[in-house]
Structure formats: structure tokens, C-alpha cells
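Coordinate analysis (summary)
Each chain is listed here by its residues.
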Amino acid sequence: MEQSYILTFDIEEWYILQFHGQGSVDEYAGRYDVLLDRVLGDLGKRGIKATFFCLGKLAKQFPSVVRRIAEAGHEIACHSNEHRWLTDLSEKEFYEDTYEALASIEDITGEKVKGYRAPAFSIGSRNKWALNILSELGIEYDCSIFPASRDFGGFPEFSEDKPVIVSYRGTEMKELPINVTRVLGRDVAFSGGGYFRLFPFPLLKKFIGKNNYLMTYFHMRDFDKGQKRVWNMRYFKNYYGIEGAYDKFIRLLDEYDFVSVAQAIKGIDWESVRKIEI
């Protein structure tokens, strides 16, 4: 497989912070608008296109967010409707959630959504049926599989952390999973979220250098130094490294040639990738 460094974002904060009672729109929406504009500006300066996985409810309630991303020439994909984990949904509920999300997003962009990422990477061994529903709704690729254990999802039985074709009950789907690397006897994802903020940049480069495939996953809150902090058991994981996260992100952009998922898919010889029955 040719080298593929893929840049993706999960766009959700505008909706879920309000939904979970973490403040009013007036308190945080403007801050995230500024962060998004900063990201879009820095990508534009470098000629980088990325994939932005957006919530359907966000498209419905904050259409300007999705519109600004699309107008900057980036790919818009689906991150569910309400950010409910698939482990909590029945097949009927998942179909309805995804259908509504796609309708809301496509109403803003005017284009068919081709990609999907489950909240918290929550497609695993217990809900593989989700891939059949995604295919039925016209989704062409999925980026939901996290091939290790994690708090709210994960698929540790999955054997690959590079692009494959997965097959389940006669349905085939292009799958571009998250990367993992072995650290102290544990598989961890290093290309987004807390571990990206935790690991120093030279160590990140070492991890990246082990493979010619990289799937990143960033959120606006990963760069939000001014966010309201909640003291709980996940405090370290949620907030460590935020002060320097954006500078590290810019170093990453300057070090590697990133593309969107759609661009990466065009460069992959899908006839030669591994096919996995799950």
C-alpha cells in the first residue's frame, strides 16, 4: 500500500456540550467557532484537505459550522445524529439515527455523504450488524473500528490497523481503522485524543514511522485551553497536554503530507488489500 497519512476531525462540541448541560451556547459556541476558523485557516495555508465527521444534530442546529467546512473544500462525513454510542442502540434505533443524520448533513452540503465514524468508535463484536445498515443507507466507507480495548468501545478482536475490506453477512465495506501501537504491553491509539497530547512529538514520530498508514482523529476540544474543566476520574486523560496541543498539531501538519479519507481511498488498490470476515 502506498503511504497514506489521513487527517480527520470529529465535529460535535457545539451540540453535545449543550445537550449534556455543560454550559449555554453563548458560553462556548464563539470559542469553538474561533478554533474551527483557526484550523481551517492553517489547513488552507498548507493546501491540506481533511475529512470532518459531523453530527446530524449539529448540522441541524448549527448549519453554519458544516457550511464553513464544506465551503473550504473539505470532505463532510457522518458522526451519527446525536452522538449516542452504538452499544446503547438497537438495530432499528441505529437505522433511524443514521438516516436522520445523513438527511440533515446532506441538506446543508447538497452532496451524498460517503463516510461514517461511530461515536467513541463503538462498532465492535456485539454490533457488527451496523455495517450492514451503513451499506443499506449508502455509506461507502467506515472509520469506526478501534482495534484495541477502550473505555466506551473498541474491537480488540479485530486483527488489522490498516485499510481492509470487511465482510459481514454478505455485506462488504471499506474499513479504515484507527492505528494502535504497543506501549508497556498495551495497545494504545496515539494519533488523536489524549494519547496524542500525552506523548512527546519525537515519540509520536517513532510510532508513525512504523507504518505507511496513519489515521488521525482530532476534536476541537483537544485544542481548547479555555474550556471548563470537570474534576473527575478522567481529568488527566481529558486535559493533560492541552496547553501545547495545537503547536504539536501544527508540527504534525508540517512534518507529513496529509490527505482526506476520500483522497486516500482513491490511492488505495482495493483489489490487493486484505478482506476480513467478521
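Values in this document were obtained by computation on a predicted structure and should not be read as measured data. (Residues numbered from 1 in each chain as written. Predicted model: local features only at pLDDT ≥ 70, side-chain atom pairs only at ≥ 80, totals over all residues. Heavy atoms only, no water.)

What follows deals with unusual backbone geometry. A positive phi angle, close to 60°, is found at alanine 120, a residue other than glycine. Note that alanine 120 resides in the loop between strand E5 (115-116) and helix H6 (129-136). The phi torsion at leucine 184 lies on the positive side, around 55°, for a residue other than glycine. Inspection of the secondary structure assignment puts leucine 184 in the loop between strand E9 (181-183) and strand E10 (186-188). (Helix = DSSP H or I, 4+ residues; strand = E, 2+ residues; numbered from the N terminus.)

Take the side chain of glutamate 175 next. In this fold, glutamate 175 is placed in strand E8 (residues 171-175). Despite being buried, glutamate 175 has no salt bridge partner; arginine 117 is the closest side chain of opposite charge, sitting 7.9 Å away. Setting aside residues no more than four positions away along its own chain, glutamate 175 makes contact with Leu131, Asp142, Cys143, Ser144, Ile145, Phe158, Lys162, Pro163, Val164 and Val166. (Buried < 20%, exposed > 50% of the residue type's maximum accessible area, 1.4 Å probe, protein only. Lys, Arg positive; Asp, Glu negative; His and termini not counted. Salt bridge = Lys/Arg side-chain N within 4 Å of Asp/Glu carboxyl O. Contact = heavy atoms within 4.5 Å.)

Turning next to the pattern of salt bridges. A complete count under the given rule lists 17 salt bridges for this structure. A salt bridge links aspartate 222 to arginine 197; its shortest N-O distance comes to 3.7 Å. Placement of aspartate 222 in the loop between strand E11 (213-215) and helix H9 (235-239) and of arginine 197 in helix H7 (residues 193-198) is noted, with a sequence separation of 25 residues between them. Among the residues examined, arginine 197 registers a relative accessible area of 6% and is labelled buried.

Across the sheet, which stays open at both edges, the 3 strands sit in the order E11-E1-E12 with parallel pairing between neighbours. Bordering the open sheet on either side are E11 and strand E12 (258-259), each of which pairs with just one other strand. Inspection of the sheet shows strand E1 (residues 4-6) paired to E12 by 2 bridges, in the parallel sense. Of the residues in E12, the one forming a bridge with tyrosine 5 is phenylalanine 258. (Pairing = 2+ DSSP bridges.)

Axis separation between helix H5 (residues 91-109) and H6 bottoms out at 10 Å; the angle between their running directions is 35°. Seen along the crossing, H5 lies across H6 with a hand that is right-handed. The residues of H6 that touch H5, namely those facing Glu91, Phe94, Tyr95 and Thr98, are Trp129, Ala130, Ile133, Leu134 and Glu136. (Axes fitted to C-alpha atoms, helices over the stretch in contact; angles between N-to-C directions. Left-handed = near helix turned anticlockwise from the far one by under 90°.)

Now for the environment of valine 25. Topologically, valine 25 is positioned in helix H2 (residues 25-46). Given the relative accessible area of 27%, valine 25 is considered partly exposed. Between the alpha carbons of valine 25 and tyrosine 15 there is a distance of 8.6 Å; along the sequence they are 10 residues apart.

Inspection of the secondary structure puts arginine 117 in the loop between E5 and H6. For the pair formed by arginine 117 and tyrosine 141, sequence separation is 24 residues and the distance between their alpha carbons is 9.1 Å. Sequence-distant contacts of arginine 117, defined by excluding residues within four places in its chain, comprise Thr8, Asp10, Phe53, Cys78, His79, Ser80, Cys143, Ser144, Ile178, Met215, Thr216 and Tyr217. For arginine 117, the side chain forms a polar contact with the main-chain oxygen of cysteine 143, separated by 3.1 Å. (Polar contact = N/O pair within 3.5 Å; in protein donor to acceptor, adjacent residues only side chain to side chain.)

Let us now look at the packing of aromatic side chains. If you walk through the whole model with that rule in mind, you get 22 aromatic pairs. Geometrically, the ring pair formed by phenylalanine 9 and phenylalanine 52 is stacked, given 4.7 Å between the ring centres and 15° between the ring planes. Placement of the pair is phenylalanine 9 in strand E2 (residues 8-11) and phenylalanine 52 in strand E3 (residues 51-54), with a sequence separation of 43 residues. Between phenylalanine 121 and phenylalanine 146, the aromatic rings sit 5.5 Å apart at their centres with planes inclined by 45°, giving tilted as the arrangement. Of the two residues, phenylalanine 121 is situated in the loop between E5 and H6 and phenylalanine 146 in the loop between strand E6 (141-142) and strand E7 (164-168); the sequence distance between them amounts to 25 residues. Residue classification places phenylalanine 146 among the buried positions, given a relative accessible area of 6%. An aromatic cluster of three or more residues is present, and its members are Phe9, Phe52, Phe196, Phe218, Phe223, Tyr246 and Phe249. Cation over ring: arginine 31 sits above tyrosine 32, and NZ or CZ is 5.3 Å from the ring centre. The ring of tryptophan 270 is capped by lysine 174, whose NZ or CZ atom sits 5.5 Å from the centre of that ring. (Phe/Tyr/Trp six-rings, centres within 6.5 Å; stacked < 30°, edge-to-face > 60°. Lys NZ or Arg CZ within 6 Å of the ring centre and 35° of its normal.)

The next thing to look at is the nonpolar core. Within the largest apolar cluster, 76 residues are counted, with the highest numbers of intra-cluster contacts made by Leu7, Phe9, Ile11, Trp14 and Phe52. The element contributing the most residues to this core is H2, with 8 residues. When neighbours within four sequence positions are excluded, isoleucine 11 is seen to be in contact with Phe52, Phe53, Cys54, Leu55, Leu58, Val65, Ile69 and Met220. Counting residues in each nonpolar core, the second largest holds 22 residues, with Phe121, Ile165, Ala189 and Ile265 among its members. (Core = buried A, V, L, I, M, F, W, Y, C linked by side-chain atoms within 4.5 Å.)

Our focus in this paragraph is the pairing of E3. The alternating pattern of E3 places Thr51 and Phe53 on one face and Phe52 and Cys54 on the opposite face, and all of these are buried. Sheet topology note: the E2/E3 ladder contains 4 bridges and is parallel. When the sheet's bridge partners are listed, phenylalanine 9 is paired in E3 with phenylalanine 52. Pairing of E3 with strand E4 (residues 75-78), which is carried by 4 bridges, proceeds in the parallel orientation. Bridging across to E4, threonine 51 finds its partner in glutamate 75.

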